[in-house]
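Commentary on secondary and tertiary structure
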Amino acid sequence: ARRLVTIPVVFHVVHRTGPEDVSAEQLRSQLDVLNRDFRATNPDIAQVPAPWQGLVADAKIEFRLARRDPAGKKTDGVVRVQTERRSFGPGDDVKRASRGGSAAWPADAYLNIWVCTLGNGLLGYAQFPGGPKATDGVVVLNTAVGTEGTAAAPFDGGRTLTHEIGHWLNLRHIWGDTLDCSGGDRVPDTPNCEGPNTGKPTFPVITCSNGPHGGMFMNYMDYVDDAAMFMFTAGQVTRMNACLAGPRASFAP
Ligand code: ARG
Ligand code: ZN
Ligand code: CA
């Protein structure tokens, strides 16, 4: 097993109104969630159903606010940008200063996290490894970041970023983004399942002949409420490790 990897994080808080300018404390509460979820030290991990407790895995990744900006100057790891935009969409305008957003810091040295208002019920989105550097990172809705302040139920557990950073580290949705049991997430230890789950499902949820235990809806890479997701598997950690040994090797020297 490799050593702990520490990922420097920069939050770009792109705001028009006061409440959109989320506090440092709210961002800190988000980092605390990430630092539990990616080490499998989250308290709710005890809720993993018995047949899958042996699959729970520590990703050995920690997140810390950047201490130096790209020019080498001291920073608190938070860039605050005032915008005239009422909301952003999945088209990456929030990553462009010329579109009312904030430009990425070098993506081989920082995990860029944009925090803003998003339209159409979008909680967040991520760029998979291998994409353009100028847009690399993840975006999160400002009411789905952290566990305090403007964080709003049922997405006030900080799990949107756990999910999006999973994508940033090359994890797919556990149902494989098809709705007919044909696609998979390319992870052997997550059961095949039909489609996304929402809310707080009751175990087991059986689809695609995956009985008796059914689908792993409590995995971070499903769409359930924050309080209903609490695990990565060993197979997912293998995939994240491959990403940190490959396209994101700059974070794991
Ligand atoms: N990309 C997903 C969306 O925007 C994020 C799902 C996050 N789920 C959660 N429980 N926080 O719909
Ligand atoms: Zn997703
Ligand atoms: Ca699988």
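A few points on the structure. Nothing here was measured: the structure is a model prediction, and the numbers come from that model.

Scanning the entire structure with this criterion turns up 1 disulfide. Here Cys 181 connects covalently by a disulfide to Cys 208, the sulfurs 2.0 Å from one another. Across the disulfide from Cys 181 to Cys 208, rotation about the S-S bond amounts to roughly -85°, and the bridge is consequently left-handed. Of this pair, Cys 181 sits in the loop between helix H2 (159-168) and helix H3 (234-245) while Cys 208 sits in the loop between H2 and H3, and the two are 27 residues apart along the sequence. Cys 181 sits in the partly exposed class, given a relative accessible area of 26%. A disulfide-free cysteine, Cys 193 has its sulfur positioned 6.4 Å from the sulfur of Cys 208, the nearest such atom.

Moving on, we come to unusual backbone geometry. Cis geometry marks the peptide bond from Phe 203 to Pro 204, where omega comes out at -5°. If you trace the backbone, Pro 204 turns up in the loop between H2 and H3. The step from Gly 211 to Pro 212 runs through a cis peptide bond, and the omega angle for that step is 0°. Within the fold, Pro 212 resides in the loop between H2 and H3. The backbone of Asp 92 sits at a positive phi, close to 75°, despite the residue not being glycine. Relative accessible area serves as the criterion here: at 15%, Asp 92 is assigned to the buried category. Positioned with a positive phi, Cys 181 is a non-glycine residue whose angle comes to about 70°.

Right, let's talk about the coordination of the zinc ion (ligand 2) for a bit. In the first shell of the zinc ion (ligand 2), the protein supplies His 163 (NE2), His 167 (NE2) and His 173 (NE2), at 2.0 Å from the metal. Here the donor residues of the zinc ion (ligand 2) share one chain and are spaced in sequence as H-x3-H-x5-H. Taken together, the positions of His 163 in helix H2 and His 173 in the loop between H2 and H3 put the pair 10 residues apart, joining distant regions of the chain. We classify His 163 as buried; its relative accessible area is 5%. A relative accessible area of 9% means that His 173 is categorised as buried.

Right, let's get into the coordination of the calcium ion (ligand 3). For a metal bound by four donors in a tetrahedral arrangement, the ideal donor-metal-donor angle is 109.5 degrees, while six donors in an octahedral arrangement ideally sit at 90 or 180 degrees. The calcium ion (ligand 3) binds to the protein through Asp 185 (OD), Val 187 (O), Thr 190 (O) and Thr 190 (OG1); the donor distances cover 2.3 to 2.4 Å. Counting along the primary sequence, the residues that act as donors to the calcium ion (ligand 3) give the motif D-x1-V-x2-T. The same class applies to Val 187 and to Thr 190, which are both buried.

Now for the side chain of Arg 239. Along the chain, Arg 239 falls in helix H3. The buried charged residue Arg 239 lacks any salt bridge, with Asp 185 as its nearest oppositely charged partner at 7.4 Å. In contact with Arg 239, not counting residues within four places along its chain, are Leu 169, Asn 170, Leu 171, Arg 172, Asp 185, Arg 186 and Val 187.

Most of strand S4 (residues 111-116) sits out of view: 6 of its 6 residues are buried. Because side chains alternate across S4, one face comprises the buried residues Leu 111, Ile 113 and Val 115, and the other comprises Asn 112, Trp 114 and Cys 116, equally buried. Bridge analysis of strand S1 (residues 5-15) against S4 gives 5 bridges, and the strand direction is parallel. From the neighbouring strand, Val 10 faces S4, where its bridge partner is Asn 112. By the bridge criterion, 4 bridges tie S4 to strand S6 (residues 138-141) in an arrangement that is parallel. Opposite Cys 116, over in S6, you have Leu 141 as the bridge partner.

A few words on the environment of Asp 156. Mapped onto the elements, Asp 156 comes out in the loop between S6 and H2. A residue is classified by how much of its surface remains accessible, and Asp 156, at 31% relative accessible area, is partly exposed. Between the alpha carbons of Asp 156 and Thr 233 there is a distance of 23 Å; along the sequence they are 77 residues apart. Sequence-distant contacts of Asp 156, defined by excluding residues within four places in its chain, comprise Gly 146, Thr 147, Ala 151 and Asp 226.

Bringing the pairing of S1 into the picture now. Note on strand geometry: in a regular strand, side chains alternate between the two faces of the sheet. Here S1 lies mainly inside the structure; 10 of its 11 residues are buried. For the crossover from S1 across helix H1 (residues 24-37) to strand S2 (residues 61-65), the handedness is right-handed. As judged from the 5 bridges shared by S1 and strand S3 (residues 78-82), these two strands associate in the parallel manner. Bridge pairing in S3 places His 12 opposite Val 79.

The rules behind each value
- Residues numbered from 1 in each chain as written.
- Chains lettered and ligands numbered in written order.
- Predicted model: local features only at pLDDT ≥ 70, side-chain atom pairs only at ≥ 80, totals over all residues.
- Heavy atoms only, no water.
- Disulfide = S-S within 2.5 Å.
- Helix = DSSP H or I, 4+ residues; strand = E, 2+ residues; numbered from the N terminus.
- Buried < 20%, exposed > 50% of the residue type's maximum accessible area, 1.4 Å probe, protein only.
- Donors = N, O, S within 2.8 Å, 3.2 Å for Na, K, Ca; no water.
- Lys, Arg positive; Asp, Glu negative; His and termini not counted.
- Salt bridge = Lys/Arg side-chain N within 4 Å of Asp/Glu carboxyl O.
- Contact = heavy atoms within 4.5 Å.
- Pairing = 2+ DSSP bridges.
- Right-handed = clockwise from strand over helix to strand, strands pointing away.

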